[in-house]
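Examining the three-dimensional arrangement
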Amino acid sequence: MQERYLERMRNGKGFIAALDQSGGSTPKALAAYGVSENDYSTEEEMFDLVHEMRTRIITAPAFDSDYILGSILFEQTTDREIEGKYTGQYLAEKKGIAPFLKVDKGLAELSNGVHKMKPIDNLSETLERANQRGMFGTKMRSVIQEANKDGIQEVVDQQFEIGKKIIDAGLVPIIEPEVDIHSADKEQSEEILKQEVKKQLDQLKKNELVILKLTIPTIANHYKELIDHPQVVRVVALSGGYSRDEANAKLKNNEGLIASFSRALSENLNVNQSDEEFNAALKEAVDSIYDASVNKNS
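Residues numbered from 1 in each chain as written. Predicted model: local features only at pLDDT ≥ 70, side-chain atom pairs only at ≥ 80, totals over all residues. Heavy atoms only, no water.

By secondary structure assignment, the location of Leu-110 is in the loop between β5 (98–102) and β6 (114–115). Take Leu-110: its relative accessible area is 42%, and that puts it in the partly exposed class. C-alpha separation for the pair Leu-110 and Gly-256, spaced 146 residues apart in sequence, amounts to 32 Å. Setting aside residues up to four positions removed in sequence, Leu-110 forms contacts with His-115 and Gln-145. (Helix = DSSP H or I, 4+ residues; strand = E, 2+ residues; numbered from the N terminus. Buried < 20%, exposed > 50% of the residue type's maximum accessible area, 1.4 Å probe, protein only. Contact = heavy atoms within 4.5 Å.)

What follows is the structure in structure tokens.
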């Protein structure tokens with residue numbers, strides 16, 4: 001299975017759907033879906049509702065491997081079932097979509113202009129369970145807010161240090177050092193980030209492969225050198241707070257860069273929509289993100 005998905009992730013046409021909102025971001029994701037905090041009273045009820053939302057998305061006809069290469073899942077989602085199968089298993093077996101597991105535990109406090117990841121204390125157990133649940137890879141996120149070279153180097157070093165452990169476990173890590181789209185020196189941060197990431201990529205062995213998830217750069221095709229690097233399976237872009245139309249327009253200007261959108265994928269979905277309305281709204285989102293990932297401006 002790994003080899004089949006590796007080929008699709010490297011050369012397939014499509015994008016990665018991010019369905020990995022965690023505990024902190026779940027209330028916002030539910031609110032955008034039309035479910036208010038008044039609709040649940042416990043964390044368990046909240047996670048039940050978000051799993052219902054994700055199940056509705058994943059089982060929809062538009063959530064199809066012709067358009068979607070992979071999907072990123074929250075850890076708790078991988079332990080839940082869709083139609084009698086674990087979610088990752090359902091994605092792989094029923095949909096032909098590569099499942100990824102979000103493994104980070106959230107962001108540390110701001111230091112040197114960046115948010116590194118909090119320690120992942122149970123990484124070995126998490127990776128073992130990821131393999132048991134049929135995951136193809138993992139994802140972990142840091143955030144860069146300022147063009148601070150020391151801070152950005154710390155973020156990249158931490159990502160690749162953990163990434164190598166993930167590779168050793170037989171999984172492909174999505175390394176996500178997000179640059180805040182509201183950063184006053186976003187362009188400078190992206191230049192430092194590119195150099196630090198390339199430095200780490202150049203040190204990887206031939207069989208050590210990663211996926212990069214990056215903010216759509218200020219300068220079009222800024223990450224082309226990383227896209228073409230032999231140790232990079234794919235470079236995918238986060239929507240980062242842009243609307244879907246904005247994110248798609250920016251994505252189209254970057255050759256070889258495909259989407260890994262979350263909010264931009266689900267922004268027009270609502271719990272009160274009929275199945276017909278829901279499926280139509282999701283199809284419109286999938287079609288537009290696929291188009292921006294595959295068809296580039298010349």
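After that view of the structure, there is still more to cover.
The description of two aromatic rings rests on the distance between their centres and on the angle between their planes. Counted by the stated rule, this structure contains four aromatic pairs. An aromatic cluster is present here, built from Tyr-5, Phe-100 and Phe-136 joined pairwise through their rings. Sitting over the face of the ring of Tyr-5, Arg-4 holds its NZ or CZ atom 4.6 Å from the ring centroid. The aromatic ring of Tyr-86 is capped on one face by Arg-133, whose charged end is 3.9 Å from the ring centroid. (Phe/Tyr/Trp six-rings, centres within 6.5 Å; stacked < 30°, edge-to-face > 60°. Lys NZ or Arg CZ within 6 Å of the ring centre and 35° of its normal.)

Within the sequence span of helix α5 (residues 87–95), burial applies to Thr-87, Gly-88, Tyr-90, Leu-91, Ala-92 and Lys-95. Looking one or two residues beyond α5, the residue adopting positive phi is Gly-96, at roughly 70 degrees.

In this structure, the largest pocket spans a volume of roughly 930 Å³. Residue lining of the largest pocket: 37 residues in total, with Gln-21, Ser-25, Arg-141, Ser-262 and Arg-263 positioned closest to the centre. When residues of the lining of the largest pocket are traced back to their parent elements, those giving at least two are α2 (26–32), α3 (43–59), β7 (137–144), β8 (172–179), β11 (258–261) and α11 (263–266). Its residues assigned to classes, the lining of the largest pocket shows 12 nonpolar, 12 polar and 13 charged. Of the volumes computed, that of the second largest pocket is approximately 280 Å³. With four residues, the top contributor of residues to the lining of the second largest pocket is strand β10 (residues 232–238). Partitioned by chemical class, the residues of the lining of the second largest pocket number seven nonpolar, six polar and six charged. (1 Å grid on protein atoms, 1.4 Å probe; cavity = no way out; pocket = protein on both sides within 12 Å on 5 of 7 lines; lining within 4 Å. Points joined across faces, edges and corners; volume = space filled by probe spheres on them. Nonpolar A, V, L, I, M, F, W, Y, C, P; charged D, E, K, R; others polar.)

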